[in-house]
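The lines below spell out each chain.
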Amino acid sequence: MEDMFDVVGVGIGPYNLGLAAMIAESTDIKAAFFDENDVFLWHPGMLLDGTDLQVPFLADLITLANPQSRYTFLNYAHAEKRLMSFYFFNRFDIPRMEYNAYCQWVAGQLSNCHFGTKVLEVQYEAEKEAYRVVLLAAGIEKTVYATHIVVGTGSVPLLPGSLEKACNEDIIHSSDYRFYEKDIKEARSVTVIGSGQSAAEIFYSLLQNQPNHHYTLNWFTRSPGFFQLEESKIGQELFSPDFVSYFHELPYETRKDTLSLLGHLRNGVQAKTLHNIYDLLYHRSIAKKASPALIRANMEVTTIEKKGPRSYQVIGEQTQQRQTFAYQTEKVILATGYKPNVPRWLEAMQTELEMEGESEFKLTRNAELLFKDARKNRMFSLTNVEHALGTSATNLALSVERNARIVNELCGNEVFQVSPGSVFQQFGNEEDGS
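Residues numbered from 1 in each chain as written. Predicted model: local features only at pLDDT ≥ 70, side-chain atom pairs only at ≥ 80, totals over all residues. Heavy atoms only, no water.

- Labelled according to an unreviewed UniProt entry, the chain appears under the name L-lysine N6-monooxygenase MbtG, originating from Shouchella clausii.
- According to UniProt, the comment filed for the chain under the heading Sequence similarities (unreviewed entry) is "Belongs to the lysine N(6)-hydroxylase/L-ornithine N(5)-oxygenase family."
- Regarding the chain, the relevant UniProt record gives this comment under Cofactor (unreviewed entry): "FAD". (UniProt positions renumbered as here; feature names shortened; annotations may be inferred.)

Overview of the domain arrangement of the chain
- Parsing the chain into structural domains produces domain 1 (2-153 + 340-409) and domain 2 (157-227 + 267-332).
- Averaged C-alpha coordinates put domain 1 and domain 2 at centres separated by 33 Å.
- Each partner contributes to the interface: domain 1 provides 12 residues, whereas domain 2 provides 12 residues.
- Interface area for domain 1 against domain 2, summed over the two sides, is near 920 Å², with a carbon-plus-sulfur share of 53%.
- For the interface between domain 1 and domain 2, the tally reads three salt bridges.
- K272 is the salt-bridge partner of D93, the closest N and O atoms lying 2.8 Å from each other.
- The interface formed by domain 1 and domain 2 holds five residue pairs in polar contact (both at pLDDT 80 or more) in total.
- Of the residues in the side of domain 1 that touches domain 2, the class split is five nonpolar, three polar and four charged. (Domains from an automatic or database assignment. Contact = heavy atoms within 4.5 Å. Buried area = accessible area lost by both parts, 1.4 Å probe. Salt bridge = Lys/Arg side-chain N within 4 Å of Asp/Glu carboxyl O. Polar contact = N/O pair within 3.5 Å; in protein donor to acceptor, adjacent residues only side chain to side chain. Nonpolar A, V, L, I, M, F, W, Y, C, P; charged D, E, K, R; others polar.)

Quick notes on the sheet that holds strand β15 (residues 331-334)
- With parallel pairing, five strands are arranged side by side in an open sheet as β8-β15-β9-β10-β11. Edge positions in the sheet fall to β8 (171-173) and β11 (294-296), since each of these pairs with one other strand and no more. Put simply, the sheet's adjacent strands are angled 15 degrees from each other on average, direction ignored.
- Taken together, the four bridges between strand β9 (residues 189-193) and β15 define a ladder with parallel strand orientation. Each bridged residue has a counterpart across the sheet, and for V190 the counterpart in β15 is K331. (Pairing = 2+ DSSP bridges. Helix = DSSP H or I, 4+ residues; strand = E, 2+ residues; numbered from the N terminus. Axes fitted to C-alpha atoms, helices over the stretch in contact; angles between N-to-C directions.)

Quick word on the pattern of salt bridges
- Considering all chains together, one arrives at 27 salt bridges under this definition.
- The salt bridge partner of R96 is E201, with a shortest N-O separation of 2.9 Å. A residue pair is termed long-range when its members are at least 10 positions apart, and R96 in helix α4 (residues 96-107) and E201 in helix α7 (residues 197-213) qualify at 105 residues.
- As a salt-bridge pair, E125 and R132 come within 3.9 Å of each other at their nearest N and O atoms.
- What makes R132 partly exposed here is its relative accessible area of 25%. (Buried < 20%, exposed > 50% of the residue type's maximum accessible area, 1.4 Å probe, protein only.)

What to know about the packing of α7 against helix α11 (residues 271-288)
- Across the interface, α7 lies against α11 with an axial gap of 10 Å and an inter-helix angle of 25 degrees. In terms of their interaxial angle, α7 and α11 are classed as roughly parallel. At the point where α7 passes α11, the crossing takes the left-handed sense. Residues Q197, A200, E201, F203, Y204, L207, Q208, Q210 and P211 of α7 pack against T273, N276, I277, L280, L281 and R284 of α11. (Parallel < 35°, antiparallel > 145°, perpendicular 65-115°, else oblique. Left-handed = near helix turned anticlockwise from the far one by under 90°.)

As for the environment of H43
- Looking at the element boundaries, H43 is found in the loop between β2 (31-35) and α2 (73-79).
- Classification of H43 as partly exposed rests on a relative accessible area of 36%.
- Residues H43 and F89, 46 residues apart in the sequence, show an inter-C-alpha distance of 24 Å.

Concerning the sheet that holds strand β14 (residues 323-329)
- Strand order across the open sheet formed by three strands is β12-β13-β14, with antiparallel pairing between neighbours. Sheet topology places β12 (299-308) and β14 at the edges, where each strand pairs with a single neighbour. Going from strand to strand, the sheet's axes swing by 20 degrees on average, the running direction of each strand aside.
- Pairing between strand β13 (residues 311-318) and β14: seven bridges, direction antiparallel. Bridged to I315 within β14 is A326.

Things to note about helix α6 (residues 177-184)
- Within α6, the full set of buried residues consists of Y177, E181 and I184. Across the axial projection of α6, the buried residues extend over an arc of 85 degrees, all falling on one side. Residues of α6 that are exposed and point more than 90 degrees away from the buried face comprise F179 and K182.
- Elements in contact with the buried residues of α6: β8, β9, α7 and β15. (Arc of directions from axis to C-beta.)

Written out as structure tokens, the structure reads:
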């Protein structure tokens, strides 16, 4: 007889890893989480030296739901004998490499996490009141059943227009940068496209190494400028459960309009990164009396044409002047962002689901998909949820609160307190009843 689980998790990124830890530590739920990678990997192509997490270490996998958990970052630091050095590090943000190491430490302790196993198919079998899950591991297919499903397949690189077809070993997405870094730094010219944190970190790394490798360096973005991420304390309160609850209750069209206004919360560059870049540019310009790099906004790249061996022409339009441009380069890094990674089998379920947009599922506040047949067997999604839960849906801290809600739903009682506390802003129009 096939294995039967209370819940199967598809994908093991930070969201599902945190959920797996919560379930293992605090419930009797029989769960299994599957990921096609052989080990836990968190943006491995962007684990650059000197780069930090953009949220405090308290936004680990579980602290905001259960600070007494053995799976907290502080307990990791204690177990790995790094607590004293972390104490003198004296910062809330931690190195990105260390966050990845921490997640690997947690994954190594969880028997409900299975790596090297790809989920090929998920189908609902009404007569069994269960989801049939087809797995592939070491070339062998296996079928298991689950009462409930949690989709945590994350995101994939977004390559606009014809740029996806242009990619090769010389033209890469920023998510692969670390794998090609050595070869890129040996080129005669390098162009970075994009204006978010990833673009800035890659540009800064290349700028630092420029004197040793002597390449020409360009940084282009279609945005009207290289803008700072919203990092003020009161601005960051939009990454709170209170705001998510408020946002979720807004009409769909209002939510879509609001998302376009909140780009500064997620899209932009941390102030310290911009300061580091400018300071280095200034110091480097003293001897040359010129900028060591060409930096231009309003430059929308539309095509990249091959001109010869390791030679490409970046072509596009200056969006405000409406003039075409073309620049020669040997290497291109496309820091053009990400899009939700919706599995093919989930897309095939759209006719069974309540939808809000052409490809946007209707979700409850607790990230549950709504089926037209009101089935008992539930499915939760941790990806493609921004339209329902806000721009903060990808925030690591809020993923903990979301996971706490999912565990409570699965158990039918309050295993976890879902709110770590309120914030100072009030988002609705309700009168203060105090």
